[in-house]
Amino acid sequence: AKRSGRGRVVVYTREMEEAAKRLTRIEQALRRAVSAGEVEPHFQPIVDLSTRRVIGFEALARWNDRDLGFVPPDVFIPIAEERGVIASLSQLLLDKATRVASQWPDELFLSFNLSPSQLVDQNTGYQILSILARNEFDPRRLEIEITETGLMTDASSAEKIIGELRSVGIRISLDDFGTGQSSLGRLRDFPFDKLKIDRAFVSSILNDKPSEHIIRAILAMCEGLGMYVVAEGIEDDAQAEMLSEFGCSGGQGYLFGRPQNAEATSAFLHACYGP
Ligand code: C2E
Ligand code: CA
Ligand code: CA
Ligand code: CA
């Protein structure tokens, strides 16, 4: 028994070492990719659910590393946060995304994700405003998506940064609502302009009464609070119909379009708006 116990400890340690090495390999590759400007924003359409017209795009990070191949954002964003790469990565992405979005029709907004750790860093506001100024991008066309986790670590720091952003006309969107540590108190205390209902509710809305009731309740509450609501992860027509019927204003998901690179997005817009 002792032997197998010790054996297990050895295997476990080796696995942990492997995992740590893998993280470090990704971190180093990511640092190189960020300084070479090789992480790209892709853009997923957000539509008005009643007309199905595009009203804006969410920027989503894509990294195809020359050595590691495609690494999904669910993997590299947490590593970037943990290893202190998120600020430079985020600046690279916002710079690229605002340059691209400058070429779109003026009425379309750009929605951009901020990580929780960026709401603790008091340089974040300045960094965002500098990029907008440099690229002459109208702040009123920018939306910042944050999650509740981002508000929990240091609420007063987050509040300060959000205040700076809102003072120049940037809108604030609460992402992934309904997952994690949802607190209604936060909706009262923080001035959100928008709320995004998490895909988990949307995907089960057709065959799950509780999800339907939760979505209806969120929509009623947001109407009272004057918040715009976008439902995420809409994959089929029946979901879109039902959400629209319930009074949800905005929608996002594969039904309307997958995230695409700048060129494909521009081609998509030319097809909608003409040249
Ligand atoms: P998120 O902000 O909740 O982004 C929505 C995710 O849902 C995206 O995954 C998108 O591709 C996916 N999605 C959209 N429509 C559908 C659908 O109809 N069905 C399904 N199954 N999925 C759909 P993605 O691009 O892999 O990004 C994952 C997460 O990584 C994001 O979740 C966000 O938390 C983070 N992320 C991505 N880009 C950035 C970034 O530039 N900065 C930061 N801080 N985080 C980012
Ligand atoms: Ca988001
Ligand atoms: Ca989301
Ligand atoms: Ca998410």
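Here the structure is shown first, and the text comes after it.
For clarity, every value in this text was computed on a predicted model and none was experimentally measured.

**Section: the overall build of the protein chain**
Then comes step 1: Secondary structure summary: the protein chain contains eleven helices and nine strands in total.
Then comes step 2: In terms of overall size, the protein chain behaves like a compact globule, its C-alpha atoms giving a radius of gyration of 20 Å where 275 residues would be expected to give roughly 19 Å.
Then comes step 3: Projected onto its principal axes, the C-alpha positions of the protein chain cover 65 × 45 × 40 Å.
Then comes step 4: Burial status across the protein chain gives 45% buried among its 275 residues.
Then comes step 5: Long-range pairs, those at least 24 residues apart, make up 69% of the contacts in the protein chain between residues at least 6 apart in sequence.
Then comes step 6: Entry remark: accessible area of the protein chain is about 14000 Å², with carbon and sulfur atoms responsible for 51%.

**What to know about the pairing of strand E4 (residues 109-113)**
Then comes step 1: Of all five residues that make up E4, four are buried, and the element is covered over most of its length.
Then comes step 2: Bridging between strand E2 (residues 54-65) and E4 involves three bridges; their strand directions are parallel. When the sheet's bridge partners are listed, Glu58 is paired in E4 with Ser111.
Then comes step 3: The pairing of E4 with strand E5 (residues 142-146) spans four bridges and is parallel. Residue pairing across strands places Ser111 opposite Glu143, the latter belonging to E5.

**Thoughts on the coordination of the calcium ion (ligand 2)**
Then comes step 1: The protein atoms that coordinate the calcium ion (ligand 2) are Glu58 (OE), Asn113 (OD1), Glu145 (OE) and Asp175 (OD), at distances spanning 2.1 to 2.4 Å.
Then comes step 2: Donor residues for the calcium ion (ligand 2) sit on one chain with the sequence pattern E-x54-N-x31-E-x29-D.
Then comes step 3: A separation of 3.8 Å is found between the calcium ion (ligand 2) and the calcium ion (ligand 3), both of which receive a donor from Asp175. Residue Glu145 is found in strand E5, and its partner Asp175 is found in strand E6 (residues 171-177); the two are separated by 30 residues along the sequence.
Then comes step 4: When its relative accessible area of 1% is taken as the criterion, Glu145 is described as buried.

**A closer look at the side chain of Glu145**
Then comes step 1: A polar contact is formed between the side chain of Glu145 and the side chain of Ser111, at a distance of 2.8 Å.
Then comes step 2: Within the structure, the side chain of Glu145 is placed 2.6 Å from the side chain of Lys196, a separation counted as a polar contact.

**Quick look at helix H10 (residues 237-245)**
Residues that lie three or four places apart on an α-helix share one face, since the helix turns once every 3.6 residues.
Then comes step 1: Turning to H10, its buried residues are Gln239, Ala240, Met242 and Leu243. The buried residues of H10 occupy one face: seen down the axis, they fall within an arc of 165 degrees.
Then comes step 2: Looking at the buried residues of H10, the elements they touch are helix H8 (199-204), helix H9 (209-225) and strand E8 (228-231).
Then comes step 3: Its side-chain oxygen at 3.3 Å from the backbone nitrogen of Ala238, Asp236 defines the N-terminal cap of H10.
Then comes step 4: Once H10 ends, the next one or two residues include Gly247, with phi positive near 100 degrees.

Rules of the game
Residues numbered from 1 in each chain as written. Chains lettered and ligands numbered in written order. Predicted model: local features only at pLDDT ≥ 70, side-chain atom pairs only at ≥ 80, totals over all residues. Heavy atoms only, no water. Helix = DSSP H or I, 4+ residues; strand = E, 2+ residues; numbered from the N terminus. Rg over C-alpha atoms; globule rule 2.2 N^0.38 Å. Buried < 20%, exposed > 50% of the residue type's maximum accessible area, 1.4 Å probe, protein only. Contact = heavy atoms within 4.5 Å. Areas by Shrake-Rupley, 256 points an atom, 1.4 Å probe, with all protein chains shown as cover. Pairing = 2+ DSSP bridges. Donors = N, O, S within 2.8 Å, 3.2 Å for Na, K, Ca; no water. Polar contact = N/O pair within 3.5 Å; in protein donor to acceptor, adjacent residues only side chain to side chain. Arc of directions from axis to C-beta.

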